[in-house]
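The chain contents come next:
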Amino acid sequence: MQANRKISEYDLVTQNWGKIKDEKYSVVVLPWGAVEPHNYHLPYFTDCYLSHAVACDSADYANEHLGVKAMVLPPVVYGAQNPGQWNKAFCIHPRFETQKAILEDIVHSLYRQGFRNLLIVNGHGGNTFRPMIRDLAFTYPDFRILSMEWWTVLPHSDYFEAEVDEHGGELETSAMMHYYPELIDLSTAGDGIVKPFNIAAVENKKAWTPRHWDAITDDTGLGNPKKASAEKGKQFVEDVIPIIAEVIAELGKE
Ligand SMILES: [Zn+2]
């Protein structure tokens, strides 16, 4: 998970019991991704890599600049999928009940250990945590769960050129080129052209149903990644990190 990145002492993937046993952590951060195709050029693990990397950098920032210690759990790897995507090789679709059971077990374990603050850093657009968090707030009224999507906290158009950039496009590709350049060969990417969905009400966002991926894209991407760059990715994530760190700090200070 660390590839070209610096080791964070708030990344549980790399830490050990000897280092953490005498420390106090006021917030737990849970990255949540997906295992799915992202155009031709990004790894299946993209949503996990990015949510985890941004979460670790945010925890570092929260400690260094805001005086709050947060531990980042390993990412939950399975994200909810649409038809036309889940039938592609090795794309895994967990049912809502499975995701909810995973989150409940994480909360139950953390609660027993005395933790009371959890921030979910979501890396995948198909994941929906609100109904789960409502149920958990009912069961654990003194355990706070916040969720946020790392890629929506800043206006896309301030950093990127592509008008459509939903999946495997300029933003995700740029962020991956920043964090994991050795995994990306941009010359292999498709154009990520998005074809209109055949239900107009869904297309104009008056109604919702999961779009059949094969009907809207040929390369599994939604949005053209060709103008992506490591520099754009760096600028974007470096501006996102203090925002997520502030959320960690606010959650941890009470
Ligand atoms: Zn993604």
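This text follows the structure it describes.
A.B. asks: Give a detailed account of the overall build of the protein, specifying residues and quantitative values.
C.D. replies: A count of helices and strands for the protein gives eight helices and six strands. In sequence order, the secondary structure elements of the protein are arranged as α-β-α-β-α-β-α-β-β-α-α-α-β-α. In summary, the protein has a C-alpha radius of gyration of 18 Å against a globular reference of 18 Å for 254 residues, a match within 12%. Over its C-alpha atoms, taken along the principal directions, the protein stretches across nearly 55 × 40 × 30 Å. Considering the protein as a whole, with its 254 residues, one finds that 51% of them fall into the buried category. Counted over contacts in the protein with a minimum sequence separation of 6, partners at least 24 positions apart contribute 79%. Carbon together with sulfur atoms contributes 54% to the accessible area of the protein, which is approximately 12400 Å² in total. The centroid of the 23 positive side-chain charges in the protein is displaced by 5 Å from the centroid of its 35 negative side-chain charges.

A.B. asks: Explain the side chain of His38 residue by residue, including any values.
C.D. replies: Summarising the element assignment, His38 is placed in the loop between β1 (27–32) and α2 (46–66). Exposure remark for His38: the relative accessible area of 0% places this residue in the buried category. Engagement of the side chain of His38 in a polar contact is seen with the side chain of Asp47, the distance being 2.8 Å. Discounting residues that sit within four places of it in the chain, His38 has contacts with Pro43, Tyr44, Thr46, Asp47, His167, Gly168, Glu172 and Thr220.

A.B. asks: Tell me what's going on with helix α4 (residues 130–139), and back it up with residues and numbers.
C.D. replies: Where α4 is concerned, the buried positions are Met132, Ile133 and Leu136. Down the axis of α4, the sector holding all buried residues measures 95°, keeping them to one side. Of the exposed residues in α4, the ones pointing more than 90 degrees away from its buried face are Arg130, Arg134 and Phe138.

A.B. asks: Account for the nonpolar core, naming residues and giving values.
C.D. replies: In this structure, Val29, Leu119, Trp150, Tyr179, Phe236, Ile244 and Ile248 are the most contacted members of the largest nonpolar core, which totals 46 residues. Mapped onto this core, the elements with two or more residues apiece are β1, α2, β2 (70–72), β3 (117–122), α5 (170–179) and α8 (230–253). Considering every element that reaches this core, the biggest residue donor is α8, with 10 residues. Residues within four places of Phe236 in sequence aside, it is in contact with Trp150, Trp151, Leu154, Tyr159, Phe160 and Leu171. Among the nonpolar cores identified, the runner-up in size contains 18 residues, and Val28, Val107, Leu136 and Phe143 belong to it.

A.B. asks: Got a sec to walk through the pattern of salt bridges? Specific residues and values, please.
C.D. replies: Under the definition given, this model contains 13 salt bridges. Linking Lys6 and Asp60 is a salt bridge whose minimum nitrogen-to-oxygen distance equals 2.8 Å. With Lys6 in the segment before α1 (17–20) and Asp60 in helix α2, this residue pair connects regions lying 54 residues apart in the sequence. Since its relative accessible area comes to 54%, Lys6 is described here as exposed. Measuring nitrogen to oxygen at the nearest pair gives 2.8 Å for the salt bridge that ties Lys232 to Glu170. Of this pair, Lys232 sits in helix α8 while Glu170 sits in helix α5, placing them 62 residues apart in sequence. What makes Glu170 buried here is its relative accessible area of 1%. Within the structure, one salt-bridge network assembled from shared partners comprises Glu161, Glu170, Lys227 and Lys232.

A.B. asks: Describe in detail the coordination of the zinc ion, supporting the description with residues and values.
C.D. replies: The protein atoms donating to the zinc ion are His38 (NE2), Asp47 (OD) and Glu172 (OE), with metal-donor distances spanning 1.9 to 2.1 Å. All donors of the zinc ion come from a single chain, and their spacing in sequence reads H-x8-D-x124-E.

A.B. asks: Go over the packing of helix α3 (residues 96–112) against α4, please, and point to the residues and values.
C.D. replies: In contact at an axis separation of 10 Å, α3 and α4 are set at 40° when each is read in the N-to-C sense. In terms of orientation, α3 lies oblique with respect to α4. In the crossing of α3 with α4, the sense of the turn from one axis to the other is right-handed. Together, Phe96, Gln99, Lys100, Leu103, Glu104 and Val107 of α3 and Pro131, Met132, Asp135 and Leu136 of α4 make up the contact between the two elements. Of the residues in the contact of α3 with α4, the class split is six nonpolar, one polar and three charged.

Conventions used here
- Sequence positions are assigned chain by chain, starting from 1 and proceeding in written order.
- Since the coordinates come from a predicted model, pLDDT governs what is reported: local features require at least 70, and pairs of side-chain atoms require 80 or more to be given and counted, while whole-chain, interface and lining totals use all residues.
- Hydrogens and waters are ignored; side-chain quantities use all the structure's heavy atoms.
- In this description a helix means any DSSP run of H or I spanning at least four residues, a strand means any run of E spanning at least two, and both kinds are numbered starting from the N terminus.
- Radius of gyration: C-alpha atoms only; globule rule: 2.2 Å multiplied by the number of residues to the exponent 0.38.
- Exposure is judged per residue with a 1.4 Å probe applied to protein chains only, and the accessible area is read against the type maximum: over 50% gives exposed, under 20% gives buried, and values in between give partly exposed.
- We call two residues in contact when some of their heavy atoms are within 4.5 Å.
- Accessible surface is estimated by sampling points in the Shrake-Rupley manner with a 1.4 Å probe; for residues, cover comes only from the protein chains shown.
- Counting rule applied: Lys, Arg positive; Asp, Glu negative; His and chain ends not counted.
- Charged side chains are reduced to one point each, which is NZ for Lys, CZ for Arg, CG for Asp and CD for Glu.
- Under this definition, polar contacts are N or O atom pairs within 3.5 Å; protein pairs additionally need one hydrogen-donor-capable and one acceptor-capable atom, and for neighbouring residues in sequence, both atoms have to be side-chain atoms.
- Starting at the helix axis, one direction is taken to each C-beta atom, and the arc is that of these directions.
- Nonpolar core, defined: a set of buried Ala, Val, Leu, Ile, Met, Phe, Trp, Tyr and Cys residues in which side-chain atoms within 4.5 Å join the residues together.
- Whenever a carboxyl oxygen of Asp or Glu lies within 4 Å of a side-chain nitrogen of Lys or Arg, that contact is scored as a salt bridge.
- Ligating atoms shown are N, O and S within 2.8 Å of the metal, or 3.2 Å for Na, K and Ca, and water is not included, meaning a site may look less than complete.
- Orientation is described by lines fitted to C-alpha atoms, with helices fitted over the stretch in contact, and by angles between N-to-C directions that extend from 0 to 180 degrees.
- By definition in this entry, angles of less than 35 degrees are roughly parallel, angles greater than 145 are roughly antiparallel, angles of 65 to 115 are roughly perpendicular, and the rest are oblique.
- Here a crossing is called left-handed whenever its near helix is offset anticlockwise from the far helix by less than a right angle, and right-handed whenever the offset is clockwise.
- Ten residues, namely Ala, Val, Leu, Ile, Met, Phe, Trp, Tyr, Cys and Pro, are considered nonpolar, four, namely Asp, Glu, Lys and Arg, are considered charged, and the remaining ones, Gly among them, are considered polar.

The values reported here are purely geometric and, on their own, carry no functional implication.
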